[in-house]
2 protein chains.
Amino acid sequence: MSDVPARVVLRDVGPRDGLQNEPPVATDGKVRLIDALGTTGLTEIEAVSYVHPRAIPQMADAAEVWGAVDRRPEIRYSALVPNLVGAHRALDAGFTDIEVVVSASATHNLRNINRSSEESLDAIAEVIEVAHAAGASCQVIVATAFGCPYEGEVPEDLVASYAARAHRDGADSICFGDTTGMGSPPRVRRLVGRFREQAPEATLALHFHDTRGTGMANLVAALELGVERFDASVGGLGGCPYAPGASGNIATEEAVYLLDELGVETGVDLDRLLEVADLAQRLVGRELPSRVLKAGPRTRLAV
Amino acid sequence: MSDVPARVVLRDVGPRDGLQNEPPVATDGKVRLIDALGTTGLTEIEAVSYVHPRAIPQMADAAEVWGAVDRRPEIRYSALVPNLVGAHRALDAGFTDIEVVVSASATHNLRNINRSSEESLDAIAEVIEVAHAAGASCQVIVATAFGCPYEGEVPEDLVASYAARAHRDGADSICFGDTTGMGSPPRVRRLVGRFREQAPEATLALHFHDTRGTGMANLVAALELGVERFDASVGGLGGCPYAPGASGNIATEEAVYLLDELGVETGVDLDRLLEVADLAQRLVGRELPSRVLKAGPRTRLAV
């Protein structure tokens, strides 16, 4: 327990990873969500992705959304980009933090972007260069890091080696994405351990999904390894394209509630965040899976 | 991590604690559920409670249910009883394992059974005697052990002292019930630690609810303390009377899935259990909160 950090940074990925897996939300609803998240104490928000609208129609209005956001100087807004074209669009639009993805599973990478993981890593090296030339930072997300919906097991050594390559190529941070919620505490310990052997000085973030109910246990396991950066989505917005009705990212308010209980600071006002989770629920028009949203924190007593 | 047991016992409390917090299910549906659970490898099932039908109409047919269950010799079926009258009914019906509850929160105990916790403990001592005289075992469940929906904090010393008293009075095991899901890993460590100081040789079980998303993290924290007995309800059947729509007990299949990942044996066949969770979902006619039920285990690949 001694390695548990005193403070962690949560990045809310609801506006991007969450809404990407929901029925389309109107542009002004997305802007309201991002702006509301900006009032909770969160310091990082994944705002949009610059992907082709044919691939992900939910993100077709990325430029309009970003143009309308009330950008707060204390918040780092990021954009996901699929390639160099997307990177230029994001950087031209004023993003100073971008993310790019490679899937550690050959099948998943091939099916998603029709190239090998190694070809993706080559392209990513260019994206990193372009970002740095523009004075921006670039995070490399290694997807299916804890398992692949097509292949099942993805060897930790392979995942770690791809991440280490991206780190050598200049990635400002590495994020292991548990794309379909296949992680568990022993897998978290093994992968983080392998990666630290290869790139001990890299900045590491973890991106858990709660598809199989292991999200909070994974969060605790990672904290105990000293990991300080986590993704989550407000309300538990989102889903899993491979399992209809399944949960998506861990819910930000569940993470904040648990971290508060653990005495780990997040800087986030849970009550305010719950109001934003309620807004998210109204925007997508369905009951979101977040349990803290339904029950409130333990301080909300019965009358 | 060294104290993690190689094997744990899961008790499915779906037929009682789960169904008690659902709209009424027909008698034969309850019997089907209990019988189906008996085919999963589970060795303990909380079958019914003998409470007054005015208090909990969902359990009014306890005698009929129990009379129709296909009782398997390898399974320990238990009944919850509120008092001496209920204990006699359960024992006369052939139960050899009964449970009785005291709430550690004075307000919760008073509102639920209109006496002080100390008065409840006096009555429980009699129930234990009666059970033992009949050759049955008696577990004492200490409810609101991690917090109370009315009072909020319930001091761990108080909870532990009530449990220690029940242990001295002959309880065969103590179960700490997280009645409304207010537990978290540090609270689990503190309460288990306090209780072990007072009753190091007692048999301890933990009963978590997932009302605030901390259930699986609590399970891991307790495993790391060497706790070997846990309650869970198939499908995550149940709810929370203080928070409409909130989750109830941790889902048995989520516990089995996580324990499988941790390398802790349960003896439960997860695939078969998922079939029973699906049955439970059909019996109550609503989508149950279990995420493993929705997404399947990580071995269920996309095509």
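- In the annotation of an unreviewed UniProt entry, chain A is listed under the name Hydroxymethylglutaryl-CoA lyase and assigned to Nocardioides soli.

### Some points on the overall build of chain A
Next up, step 1: Within chain A, the regular secondary structure consists of 12 helices and 8 strands.
Next up, step 2: Taken against the 2.2 N^0.38 rule, which gives 19 Å for 303 residues, the C-alpha radius of gyration of chain A at 18 Å falls within 12% of a compact globule.
Next up, step 3: By its C-alpha atoms, chain A is 60 × 45 × 35 Å across when sized along the principal axes.
Next up, step 4: A total of 303 residues make up chain A; the buried ones form 62% of that total.
Next up, step 5: The contacts of chain A with a sequence gap of at least 6 include a subset with a gap of at least 24, amounting to 74%.
Next up, step 6: Summing over all exposed atoms, chain A offers an accessible surface of approximately 10900 Å²; the carbon and sulfur share of this is 49%.
Next up, step 7: In chain A, the 28 positive side-chain charges and the 43 negative ones have mean positions that sit 3 Å from each other.

### Describing the pairing of strand β5 (residues 137-143) of chain A
All names here are of chain A.
Next up, step 1: The buried fraction of β5 is high, at 7 of 7 residues.
Next up, step 2: Bridging between strand β4 (residues 97-103) and β5 involves 7 bridges; their strand directions are parallel. Bridge pairing in β5 places Ser103 opposite Ala143.
Next up, step 3: Pairing between β5 and strand β6 (residues 173-177): 4 bridges, direction parallel. Following the sheet pairing, Ile141 is matched in β6 by Cys175.
Next up, step 4: Viewed along the sheet, the connection from β5 through helix α7 (residues 156-168) into β6 turns out right-handed.

### A word on the pattern of salt bridges
It is possible for side chains of opposite charge to pair when their charged atoms get near one another.
Next up, step 1: Under the counting rule described, the total for this entry stands at 46 salt bridges over all chains.
Next up, step 2: A salt bridge links Glu44(A) to Arg229(A); its shortest N-O distance comes to 2.4 Å. Taken together, the residues Glu44(A) in strand β2 (residues 44-49) and Arg229(A) in strand β8 (residues 229-232) connect sequence positions 185 residues apart.
Next up, step 3: Residue classification places Arg229(A) among the partly exposed residues on the basis of a relative accessible area of 24%.
Next up, step 4: One salt bridge in this structure joins Asp122(B) and Arg165(B), with 3.0 Å as the shortest N-O distance. Remark: Arg165(B) occurs in helix α7 (residues 156-168) and Asp122(B) occurs in helix α6 (residues 117-133); sequence separation between them is 43 residues.
Next up, step 5: Arg165(B) sits in the partly exposed class, given a relative accessible area of 22%.
Next up, step 6: Salt bridges here are not isolated pairs; linked through shared partners, they connect Asp210(A), Glu254(A), Arg291(A), Asp210(B), Glu254(B) and Arg291(B).

### A short note on the relation of the copies chain B and chain A
Next up, step 1: Rotating chain B by 180° and translating it 0.0 Å along the rotation axis places it on chain A, where the RMSD comes to 0.0 Å. Here the symmetry operator amounts to a two-fold rotation axis. If distances are taken from each C-alpha of chain B to the rotation axis, the shortest is found for Ala217(B), at 2.2 Å.
Next up, step 2: When the interface residues of chain B are mapped onto chain A, 100% of them are again interface residues, pointing to one common binding face.

### Considerations on the sheet that holds strand β7 (residues 204-207) of chain B
Residues and elements named next belong to chain B.
Next up, step 1: An order of β1-β2-β3-β4-β5-β6-β7-β8 is seen for the 8 strands of this closed barrel, with the pairing classed as parallel. Here the average twist between neighbouring strands, direction ignored, is 30°.
Next up, step 2: Taken together, the 2 bridges between β7 and strand β8 (residues 229-232) define a ladder with parallel strand orientation. Paired with Leu206 across the bridge in β8 is Phe230.
Next up, step 3: The sheet strands contacting helix α4 (residues 84-92) are β3 (76-81) and β4 (97-103), and the helix crosses β3 at an angle near 155°.

### Quick word on the side chain of Glu156(B)
Next up, step 1: Here Glu156(B) shows up in helix α7.
Next up, step 2: Apart from residues no more than four positions distant in its own chain, Glu156(B) is found in contact with Arg187(B), Arg190(B), Leu191(B) and Arg194(B).

### Re the packing of aromatic side chains
Next up, step 1: One pass over the structure, following the stated rule, counts 12 aromatic pairs over all chains.
Next up, step 2: An angle of 45° between the planes, with centres 5.9 Å apart, marks the rings of Phe146(B) and Phe208(B) as tilted. With a gap of 62 residues between them, Phe146(B) in the loop between β5 (137-143) and α7 and Phe208(B) in the loop between β7 and α9 (215-224) connect regions that are remote in the sequence. Per residue, the accessibility class of Phe146(B) equals that of Phe208(B), and both read buried.
Next up, step 3: Grouped by ring-pair contacts, the aromatic residues Tyr50(A), Trp66(A), Tyr77(A) and Phe95(A) constitute a single cluster.
Next up, step 4: If you follow Arg111(A) out to its NZ or CZ, it ends over the ring of Tyr150(A), 4.0 Å from the centre.

### What to know about unusual backbone geometry
Next up, step 1: A positive phi angle, close to 50°, is found at Thr144(A), a residue other than glycine.
Next up, step 2: When you line up the elements, Thr144(A) lands in the loop between β5 and α7.

### Notes on the environment of Glu156(A)
Next up, step 1: Judged by relative accessible area, Glu156(A) falls into the buried class, the value being 16%.
Next up, step 2: Here the alpha-carbon distance between Glu156(A) and Arg194(A), two residues 38 residues apart in the chain, equals 7.0 Å.

### Concerning the interface of chain B and chain A
Next up, step 1: Residue-level contacts link 44 residues of chain B with 44 residues of chain A.
Next up, step 2: Inspection of the chain B/chain A interface yields 6 salt bridges.
Next up, step 3: Among the salt bridges present, the one from Asp210(A) reaches Arg291(B), with a minimum N-O distance of 2.6 Å.
Next up, step 4: Here the residues of the side of chain B that touches chain A are counted per class, giving 23 nonpolar, 9 polar and 12 charged.

### Comments concerning the pairing of strand β7 (residues 204-207) of chain A
Residues and elements named next belong to chain A.
Next up, step 1: Side chains Leu204 and Leu206 of β7 all project onto a buried face; the interleaved residues Ala205 and His207 project onto the opposite face, where all are buried too.
Next up, step 2: In this sheet, β7 lies alongside β6 in parallel orientation, the contact comprising 4 bridges. Within the sheet, the bridge partner assigned to Ile174 lies in β7 and is Leu204.
Next up, step 3: In this fold, β6 hands off to helix α8 (residues 185-198), which returns the chain to β7; that crossover is right-handed.
Next up, step 4: Viewed along the sheet, the connection from β7 through helix α9 (residues 215-224) into β8 turns out right-handed.

### Focus: the UniProt feature "domain: Pyruvate carboxyltransferase" (unreviewed entry) in chain A
Next up, step 1: Within the UniProt annotation, "domain: Pyruvate carboxyltransferase" (unreviewed entry) is assigned to residues 8-274 of chain A.
Next up, step 2: Strand forms 16% of residues 8-274 of chain A and helix 41%; the C-alpha atoms that close the span are 19 Å apart.

Calculation notes
Residues numbered from 1 in each chain as written. Chains lettered and ligands numbered in written order. Predicted model: local features only at pLDDT ≥ 70, side-chain atom pairs only at ≥ 80, totals over all residues. Heavy atoms only, no water. Helix = DSSP H or I, 4+ residues; strand = E, 2+ residues; numbered from the N terminus. Rg over C-alpha atoms; globule rule 2.2 N^0.38 Å. Buried < 20%, exposed > 50% of the residue type's maximum accessible area, 1.4 Å probe, protein only. Contact = heavy atoms within 4.5 Å. Areas by Shrake-Rupley, 256 points an atom, 1.4 Å probe, with all protein chains shown as cover. Lys, Arg positive; Asp, Glu negative; His and termini not counted. Charge placed at Lys NZ, Arg CZ, Asp CG, Glu CD. Pairing = 2+ DSSP bridges. Right-handed = clockwise from strand over helix to strand, strands pointing away. Salt bridge = Lys/Arg side-chain N within 4 Å of Asp/Glu carboxyl O. Least-squares fit on C-alpha atoms with pLDDT ≥ 70 in both. Axes fitted to C-alpha atoms, helices over the stretch in contact; angles between N-to-C directions. Phe/Tyr/Trp six-rings, centres within 6.5 Å; stacked < 30°, edge-to-face > 60°. Lys NZ or Arg CZ within 6 Å of the ring centre and 35° of its normal. Nonpolar A, V, L, I, M, F, W, Y, C, P; charged D, E, K, R; others polar. UniProt positions renumbered as here; feature names shortened; annotations may be inferred.

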